[in-house]
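Chain residues, written in single-letter form:
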Amino acid sequence: RPPFHTVFIHGLVRDDKGRKMSKSLGNGIDPLEIADKYGADALRFNLVTGNSPGNDMRFYTERCEAMRNFANKIWNASRFLLMNMEGYTPGEPVVETPADAWMFSRLAKAVKMVTEGIENYTFGDMARGVQQFFWNEVCDWYVEVTKARLKGEGRLQAQRNLIFVLDTSIRLMHPLMPFVTEEIWDNMPASVLDLDAEGNVDRAEALMIAKWPEPADYAKYVDEDAERAFELCRAVVSAARATRSRYRLSPKAELDVVVRAGAEDIEKLESLRSTIEPLANTASLVMGTDVEKPAA
């Protein structure tokens, strides 16, 4: 019996100058030393993200530091959520806010992207995509937007939605960063992904053998309108934050924000006013199709 049914042959791993690693040049890299300094997950993720079909890759040790930062981001975001799970019980995720609709739709697309990446051996694109999704969308936006709900009446449903997103994300990242994700998953409460048909918890012994998120199960969450609406929200908030940075204003300084857009976009933004105002820290928020640009 052959030991493997499929063998993936990638390009050479070269040094940062593009030279082939060799003893005579003394430019070889000991992976154990790199793993000791940055972590095995960071080394692994560096190699995967640098891979593109048909090409050799240059190995930059400095990139391991960036990948270690990503592992830390996964760890810290997960710890924050797990520290806010008092009173949690597993249950179905429910779309209660525009942010929920946007996040679940983005999650469904991430599941499809990673699954197809594994099946098609496009590991580099897959890894870069899941990094962007978890860092820039889950951590920087969804967790931030949902924080307030963890302190209010909708706490339990917010917890369920967050654990649903975190558990799915951890499963997607596990083939890429197995050690940090396994450790996090061992400390996570059961999510809806661990419930059987009768609603009883049937959790795997380890993340390595846990059920893989199937794209067909997540397809129902795809909502292009919700994504468009929340992307407009992100654009307004990002513009307000960039303005503060450009003029060296305190993040606590309230701004008078004026938004001019088409009628359809204004309607979407108005539905997200309660989300935009605290995130952009506005003193006032005027939106319309024909509003005037402030004189200053």
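Values in this document were obtained by computation on a predicted structure and should not be read as measured data. (Residues numbered from 1 in each chain as written. Predicted model: local features only at pLDDT ≥ 70, side-chain atom pairs only at ≥ 80, totals over all residues. Heavy atoms only, no water.)

1. Considerations on the overall build of the protein chain
Looking only at helices and strands, the protein chain features 11 helices and 4 strands. Taken along its principal axes, the extent of the C-alpha atoms in the protein chain is 70 × 55 × 30 Å. Partitioning the intrachain contacts of the protein chain with sequence separation of at least 6 by distance along the chain shows that 73% fall at a separation of at least 24. On the protein chain, roughly 16500 Å² of surface is accessible, and the fraction owed to carbon and sulfur atoms is 52%. Here the protein chain holds 37 positive side-chain charges and 45 negative ones, and the gap between their average locations is 7 Å. (Helix = DSSP H or I, 4+ residues; strand = E, 2+ residues; numbered from the N terminus. Contact = heavy atoms within 4.5 Å. Areas by Shrake-Rupley, 256 points an atom, 1.4 Å probe, with all protein chains shown as cover. Lys, Arg positive; Asp, Glu negative; His and termini not counted. Charge placed at Lys NZ, Arg CZ, Asp CG, Glu CD.)

2. What about the side chain of Asp167?
Positionally, Asp167 belongs in helix α6 (residues 155–173). Only 3.0 Å separates the side chain of Asp167 from the side chain of Trp185, close enough to count as a polar contact. Residue contacts for Asp167: discarding those within four places in its chain leaves Trp185, Met188, Ser191, Leu193 and Asp194. (Polar contact = N/O pair within 3.5 Å; in protein donor to acceptor, adjacent residues only side chain to side chain.)

3. Structural notes on the pattern of salt bridges
Tallying each qualifying case throughout the model produces 22 salt bridges. Between Asp217 and Lys211 there is a salt bridge whose closest N-O contact spans 4.0 Å. Residue Asp217 is classed as partly exposed on the basis of its relative accessible area of 41%. On the accessibility criterion, Lys211 (54% relative accessible area) is exposed. Linked through salt bridges whose partners overlap, the residues forming this network are Arg106, Lys109, Glu137, Glu224 and Glu227. (Salt bridge = Lys/Arg side-chain N within 4 Å of Asp/Glu carboxyl O. Buried < 20%, exposed > 50% of the residue type's maximum accessible area, 1.4 Å probe, protein only.)

4. Some remarks on the packing of aromatic side chains
Evaluated as defined, the whole model comprises 12 aromatic pairs. With a centroid separation of 6.1 Å and 75° between ring planes, the pair formed by Tyr121 and Phe123 is classed as edge-to-face. Residues Phe164 and Tyr221 carry aromatic rings whose centres are separated by 5.7 Å and whose planes lie at 55° to one another, so their mutual orientation is tilted. With a gap of 57 residues between them, Phe164 in helix α6 and Tyr221 in the loop between α8 (215–218) and α9 (224–246) connect regions that are remote in the sequence. Its relative accessible area of 15% is what places Tyr221 among the buried residues. (Phe/Tyr/Trp six-rings, centres within 6.5 Å; stacked < 30°, edge-to-face > 60°.)

5. Details of the environment of Glu254
Positionally, Glu254 belongs in the loop between α9 and β3 (255–260). Classification of Glu254 by relative accessible area gives exposed; the value is 52%. Remark: the alpha-carbon pair of Glu254 and Ile276, spanning 22 residues in sequence, is separated by 13 Å. Residues within four places of Glu254 in sequence aside, it is in contact with Arg244, Asn281, Thr282 and Ala283.

6. A word on helix α4 (residues 98–120)
Look at α4: 33 Å from first C-alpha to last across 23 residues, which is about the 33 Å you get at 1.5 Å a residue. Count one or two residues on from α4 and you reach Tyr121, which has phi positive near 65°. (Expected span 1.5 Å × (residues − 1).)

7. Focus: helix α11 (residues 273–280)
Listed in full, the buried residues belonging to α11 are Thr275, Ile276, Leu279 and Ala280. Buried residues of α11, viewed axially, fall in a sector of 100°; they line one side. Among the exposed residues of α11, those oriented more than 90 degrees off its buried face are Ser274 and Pro278. On its buried face, α11 is in contact with α5 (123–146), α9, α10 (263–271) and β4 (282–288). One or two residues past the end of α11 sits Asn281, with phi positive at roughly 55°. (Arc of directions from axis to C-beta.)

Don't take any of this as a statement about function, it's just geometry.
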